[in-house]
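# A closer look at the structure
Here are the chains, one letter per residue:
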Amino acid sequence: MLTRSDPAKVKPQAPRHRRNPRRERRLWHDPEVASAALGCATCPEKEICGGLRLNTPFMDCLQFCCGNPEGCDRVCRNHPDFADRYREIGGFNLYSVPRAPLLNAVGLPRLVPVIYHPTARSMPPTAATVALPLYRMFDRRTGLPRFVSRDALGEAFGIGHQASVMLTGTDIDRPLERWWGLGEAGRRPIIQALIAAGVGMVTTPNYSLFIDRPRWDDLHAMKRIAIVHEEFLREGLPAALHVNGRTEADFAHWIAFLAARPEVTHIAYEFTTGTGWSGRREQHAAWLAGLARAVGRPLHIIVRGGTDVLPVIARAFSGITVLDTSVFMKTMMRQQAYPKGNAALGWRGAPTAQGAHVDHLLEANWQATDAWIGDLIASSRSAESAPMAG
């Protein structure tokens, strides 16, 4: 199977340039633009893609073709491996993904801290549920599972048996591609090992949709998300579907997909990269809220980042869980959380003696962040139930 990380096919890319906010905003899909680009009308994928509406002159998404197929990892009609990339996912249509069983997912609290290692701690965190990185669960060289028991998992991350464990599939592109590069046969034993190690839920890899790539690349990423989600469920591991989207058409496809598949009980989303920019996170939050209302059944959402739009999201979904990395990372940097005004959380230095453990600081930071998230969600619920002025 050809993958993006296949060294025989893909040459190293040139270093990425510093991001240009003004340029990126012009490449955001804008539903308010009157019509799609002229070239979209004759595209064979127009029905699935829906077309792009950008605030800049362009003919079609082939304008984003790099023109260097030998050194390119994009899914593009100008690439000689396009047919292979199309066949590896069984076409761009989401509905060809096999149906999966309906699983009883674990109950999730409103805040789940992401734990990366056991350093500087002497006891497990008291959080009812903790999250670990999915891509630490297998050896990147051999593709073999790293943990086959809860004891081994607990020792590696400093967590106890009392906590439920979920895995987060949100990461940078290289680890995401390693998971896909394992192939279905390689992923199956890892999923089985995760279940044996006591993992209760996973969020699927968030294969990226880029604003400066041809749309076939987006459609390929969305289909891969749906494929790996089905694999988790098929093996018996509850999973949250990461509904990445770039346009309202993408979210319309996810709505139709979810409406027809009651086995999808949880979805995931992250606001830590391009979707976290001011102006863009509000649009994506609105799309997510519309998705929740349109599907027609309760959905639980697992979110990373986007605290500014949590009230909008919380009002639309039956349940919300925030995956938080700051509790752990700020603790490791010896910082302590404190209330900052009515709706903010601040951090200040909290030096410790050399060699001292940070268990109590981690606990304090988790409690403070949990209370803050609770206030944000509660304010959204109260705003929803408040009577309107006559």
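Please read all numbers here as calculations on a predicted model, not as lab measurements.

Turning our attention to the nonpolar core. In terms of nonpolar packing, the biggest core is built from 99 residues, with W179, W254, L258 and L288 touching the most fellow members. The element that contributes the greatest number of residues to this core is helix α7 (residues 215-235), accounting for 10 residues. Setting aside its immediate chain neighbours within four residues, L258 contacts L241, V243, V264, I267, L291, V295, R297 and L299. Residues V114, A131, A240 and A268 belong to the second largest nonpolar core, which totals 10 residues.

Close contact between helix α5 (residues 173-181) and α7 brings their axes to 12 Å; oriented N to C, the two are set at 60°. Viewed along their axes, α5 and α7 adopt a mutual orientation that is oblique. Once α5 is placed against α7, the crossing between them reads as left-handed. Taking contact as the criterion, the partners of E177, W179 and W180 in α5 are, on α7, R224, I227, V228 and F232.

Across all of its chains, the model carries 14 aromatic pairs by this definition. Among the aromatic residues, those joined into a cluster by ring pairs are F82, Y86, F92 and W216. In this arrangement the basic side chain of R213 is found over the ring face of F210, its NZ or CZ atom lying 4.3 Å from the centre. Directly above the ring of W180 sits R224, whose terminal nitrogen or CZ lies 5.4 Å from the centroid.

Our next topic: the pairing of strand β3 (residues 164-168). Among the five residues of β3, four are classified as buried, and the element is accordingly described as predominantly covered. As paired elements, strand β2 (residues 129-133) and β3 share five bridges and run parallel to each other. Considered in β3, the bridge of V130 is made with V165. For the segment spanning β2, helix α4 (residues 150-157) and β3, crossover handedness is right-handed.

Let us look at the pattern of salt bridges. Opposite charge on two side chains makes pairing possible when the charged atoms of those side chains draw close. The tally for this structure, following the rule as stated, stands at 20 salt bridges. A salt bridge links R188 to E184, with the shortest nitrogen-to-oxygen separation between them at 3.5 Å. Taken together, the residues span about one helical turn, with R188 and E184 both in helix α6 (residues 183-196) at a distance of four residues. In this structure, the salt-bridge partner of D218 is R215, at a minimum N-O distance of 3.0 Å.

Further remarks concern helix α8 (residues 248-259). With 12 residues, α8 extends 16 Å from end C-alpha to end C-alpha; this agrees with the ideal 16 Å at 1.5 Å per step. Buried within α8 are the following residues: A249, D250, F251, W254, F257 and L258. Buried residues belonging to α8 abut α2 (46-49), α7, β5 (239-242), β6 (266-271) and α9 (280-295). Residue T247 occupies the N-cap position of α8, its side-chain oxygen lying 3.2 Å from the main-chain nitrogen of A249.

Glancing now at the environment of G346. Examined against the element boundaries, G346 turns out to sit in strand β10 (residues 345-349). When its relative accessible area of 5% is taken as the criterion, G346 is described as buried. In this structure the C-alpha to C-alpha distance between G346 and Q335, which are 11 residues apart in sequence, comes to 9.7 Å. Look past the residues within four positions of G346 in its chain and what remains in contact with it is Q336, A337, Y338 and K340.

Conventions and cut-offs
- Residues numbered from 1 in each chain as written.
- Predicted model: local features only at pLDDT ≥ 70, side-chain atom pairs only at ≥ 80, totals over all residues.
- Heavy atoms only, no water.
- Core = buried A, V, L, I, M, F, W, Y, C linked by side-chain atoms within 4.5 Å.
- Buried < 20%, exposed > 50% of the residue type's maximum accessible area, 1.4 Å probe, protein only.
- Helix = DSSP H or I, 4+ residues; strand = E, 2+ residues; numbered from the N terminus.
- Contact = heavy atoms within 4.5 Å.
- Axes fitted to C-alpha atoms, helices over the stretch in contact; angles between N-to-C directions.
- Parallel < 35°, antiparallel > 145°, perpendicular 65-115°, else oblique.
- Left-handed = near helix turned anticlockwise from the far one by under 90°.
- Phe/Tyr/Trp six-rings, centres within 6.5 Å; stacked < 30°, edge-to-face > 60°.
- Lys NZ or Arg CZ within 6 Å of the ring centre and 35° of its normal.
- Pairing = 2+ DSSP bridges.
- Right-handed = clockwise from strand over helix to strand, strands pointing away.
- Salt bridge = Lys/Arg side-chain N within 4 Å of Asp/Glu carboxyl O.
- Expected span 1.5 Å × (residues − 1).
- Polar contact = N/O pair within 3.5 Å; in protein donor to acceptor, adjacent residues only side chain to side chain.

Coordinates in, geometry out; function isn't part of it.
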